[in-house]
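Here are the chains, one letter per residue:
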Amino acid sequence: MKVKERLIDFVQYETTSYEDSPTCPSNPLEFKLAEHLVEVMKEIGILDAHMDENGYVYGYIDANADAPTIGLIAHMDTSSAASGKDVHPRVIENYDGNDIVLSDSLTTEVRRFPQMKNHKGKTLIVTDGNTLLGGDDKAGIAIALEVAEYLLNHPETKHGKVYFGFNPDEEIGRGADLFDLDYFKCDFAYTIDGSAPEEMEFENFNAAAAVVTLTGISTHPGSAKNAMINPINVAMEFHSMLPVQMRPEYTEGYEGFNHIVDISGNAETCVMKYIIRDHDYQKLSDKKQMFMDAAELLNKRYPENTVKVEIRDQYRNMIKKFEGNTLPLDLAEKAMKALGMHCTPVAIRGGTDGAQLTWKGLLCPNLGTGAYNLHGRHEYVVAEEMEQMVLVVLKLLELACH
C-alpha cells in the first residue's frame, strides 16, 4: 500500500477529540483507529505493535546499524472545529491551479488560499465539502508507516532502532499527557505534524486557556431598572476590553493573540472560553494579566464575583530545550539538503505534542506532512509531498548512522 492509499484509509475513521470529555481518549471512536493501526503495523512487520489502555499505539523496528534510537510520532485525533464524521476523500490528479469545487455550496478559492498555486500539476486529496479531511495528522501516521514498510522491505538500508508512537487527543492539548516515555526509549524523536515538506519546526507558542464565567442577576425585563445585571452584556464588555489587534485575524509571525473559541449563556449566567498564545513567555504572562485586570475592573463596576477568570497553562515553547543539543535539527536539515530541498526553520503558530514531550525530556522537533488548510472543510493534502516526506525521514535515519 502506498502512502496516499494509507491516508485515504485512515481518514475514514471518525476520531474527533473533545475538550470537555474527561476520558482518554476523549472520544471512544479513537480506539477504533488505534486498533486498526495495530493490525496494519503487525502486517508490516513492526515489532511489539500494541495499544495501551488509553488508546496510545506503540511499536518498533530493531536496528541494523549503530545509530541513535529515533522515534516517529503522529496523532490520531482530528479537530472539533469541523466535523470528522463520514469523511469522503476525493483525489484530484494533475491539479490545474484553479479553484476547487468541493460541493454545490462550497468552493476552495485560490484567492483565499494562495499557496494552492504552488501545487499545480500535483495530486491533491480533498474533502467533499461536508467535513474536514483529517490529514492533520493522519498524513503523519501514513508517512511513518510508509517509512516502516520501506525499512523492513529493504534490509540493506542502514538505520538505528526506530520507535513508532501514535497518540490520541493532540488537538485538545492532551496528546502527550499519558505518552509512555518509559516504553518509548529514544534518544530523540520527531512529530510528523506540520505542513510544507521543507519546513522544520522547533519553536512554538507558549499556550494557556482561559474560562471566563459571568454571573448576573435575572429579573423580569419590565421591572429590571437598577436591578438586572445581564451577564451577556457584561461578557461583551469583557471581550471589548481585550485589544482588538491581539485577535488572531490581525496577527502573524511572532505576534501572539487572544482567541475566543466559545461563548454560551443566558440572562443569568454566561461562559466564554479563550486560548492565549505567544512565543515569548513574558508576553504570554502579560496577556494573562489583561484577563485578570479586566475581571478586576468589572467586579468593581458590578457586584463582587460577577466575573470569574480561570487560566491554566497548556504547553511551553520548546526552543530553549534545543540549546546545546541540535543533533535532531542537524539531521533533518542535512536530509533535506541531500534531497535537493531548502530547509526552512519555522516558528509554529500553534503547538504539537512534541513541545510537551520536549519539556518532558524527549527532544522532538516537528516535520511536515503536505497537509494544508487544516481544521476545516477546505483542508487538502498533496500526495507528492507525503511521498517526499517519506524520503526525508528515510534519509535522516540513514544519516544518523554516519
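In this text the structure is predicted, and so the values were computed from the model without any measurement. (Residues numbered from 1 in each chain as written. Predicted model: local features only at pLDDT ≥ 70, side-chain atom pairs only at ≥ 80, totals over all residues. Heavy atoms only, no water.)

Q: I would appreciate a short explanation of the overall build of the chain in the present structure.
A: Within the chain one finds eight helices and 18 strands. Since a compact globule built from 402 residues should have a radius of gyration of about 21 Å, the 23 Å found for the chain is in line with a globular shape. Based on the C-alpha atoms only, the size of the chain along its principal axes is roughly 85 × 50 × 40 Å. Put simply, the chain has 402 residues, and 53% of those count as buried. By sequence separation, contacts in the chain at least 24 residues apart represent 78% of the contacts at least 6 residues apart. Separation between the mean location of the 37 positive side-chain charges and that of the 62 negative ones in the chain comes to 4 Å. (Helix = DSSP H or I, 4+ residues; strand = E, 2+ residues; numbered from the N terminus. Rg over C-alpha atoms; globule rule 2.2 N^0.38 Å. Buried < 20%, exposed > 50% of the residue type's maximum accessible area, 1.4 Å probe, protein only. Contact = heavy atoms within 4.5 Å. Lys, Arg positive; Asp, Glu negative; His and termini not counted. Charge placed at Lys NZ, Arg CZ, Asp CG, Glu CD.)

Q: Explanation requested: the side chain of N317 in the structure shown.
A: Along the chain, N317 falls in the loop between β14 (307-315) and α6 (327-338). Of note is the side chain of N317, whose polar atom sits 3.0 Å from the backbone oxygen of N204. Not counting residues up to four positions away in its chain, the partners in contact with N317 are E203, N204, F205, N206, H279 and W359. (Polar contact = N/O pair within 3.5 Å; in protein donor to acceptor, adjacent residues only side chain to side chain.)

Q: What's the story with the environment of F166 in this structure? I'm lost.
A: Within the secondary structure, F166 is located in strand β8 (residues 162-167). If we skip the residues at most four places from it in the chain, F166 touches L37, M41, G55, Y56, V57, A74, M76, I141, A144 and L145.

Q: So what exactly am I meant to see when it comes to the packing of aromatic side chains here?
A: Each aromatic ring pair is described using two quantities: the centre-to-centre distance and the angle formed by the ring planes. Considering all chains together, one arrives at 16 aromatic pairs under this definition. Geometrically, the ring pair formed by Y58 and Y183 is tilted, given 5.4 Å between the ring centres and 50° between the ring planes. With Y58 in strand β2 (residues 57-61) and Y183 in the loop between β8 and β9 (188-192), this pair connects stretches of sequence that are 125 residues apart. With 6.4 Å between their ring centres and 55° between their planes, Y58 and F184 make a pair best called tilted. With Y58 in strand β2 and F184 in the loop between β8 and β9, the pair connects residues that are 126 residues apart, well separated along the chain. The pair formed by Y58 and F184 is uniform in burial state, with each residue classed as buried. Taking the ring centre of Y281 as reference, the NZ or CZ of R316 above it sits at 4.1 Å. One Lys or Arg, K321, reaches over the ring of W359 and ends 4.4 Å from the middle of that ring. (Phe/Tyr/Trp six-rings, centres within 6.5 Å; stacked < 30°, edge-to-face > 60°. Lys NZ or Arg CZ within 6 Å of the ring centre and 35° of its normal.)

Q: Looking at this model, I keep getting lost on the pattern of salt bridges. Mind explaining?
A: Proximity of charged atoms lets side chains of opposite charge pair with each other. Counted under the stated rule, the structure contains 13 salt bridges. For the salt bridge of R312 with E19, the shortest nitrogen-to-oxygen distance reads 3.1 Å. Of this pair, R312 sits in strand β14 while E19 is found in the loop between α1 (3-10) and α2 (30-44), placing the two residues 293 residues apart along the sequence. In this structure, D278 and K287 form a salt bridge, with 2.6 Å as the shortest nitrogen-oxygen distance. A relative accessible area of 2% means that D278 is categorised as buried. Assessed through its relative accessible area of 6%, K287 is described here as buried. A single salt-bridge network, built from bridges that share partners, covers K4, E5 and E93. (Salt bridge = Lys/Arg side-chain N within 4 Å of Asp/Glu carboxyl O.)

Q: Which parts of the structure should I look at to understand the sheet that holds strand β1 (residues 47-51)?
A: Each strand in a sheet pairs with another by means of backbone hydrogen bonds, the pair being arranged parallel or else antiparallel. Strand order in the open sheet formed by eight strands is β1-β2-β8-β3-β9-β16-β10-β15, with mixed pairing between adjacent strands. A single partner strand is all that each edge strand has here, and the edge strands are β1 and β15 (344-347). With two bridges connecting them, β9 and strand β16 (residues 366-367) associate as parallel partners. Bridge pairing in β16 places T191 opposite N366. Contacts from α2 reach β1, β2 and β8, with the element oriented near 170° to β1. Helix α3 (residues 135-153) rests against β2, β3 (70-75), β8 and β9 of the sheet, and its axis sits at about 145° to β3. (Pairing = 2+ DSSP bridges. Axes fitted to C-alpha atoms, helices over the stretch in contact; angles between N-to-C directions.)

Any functional reading would require information that these geometric values do not contain.
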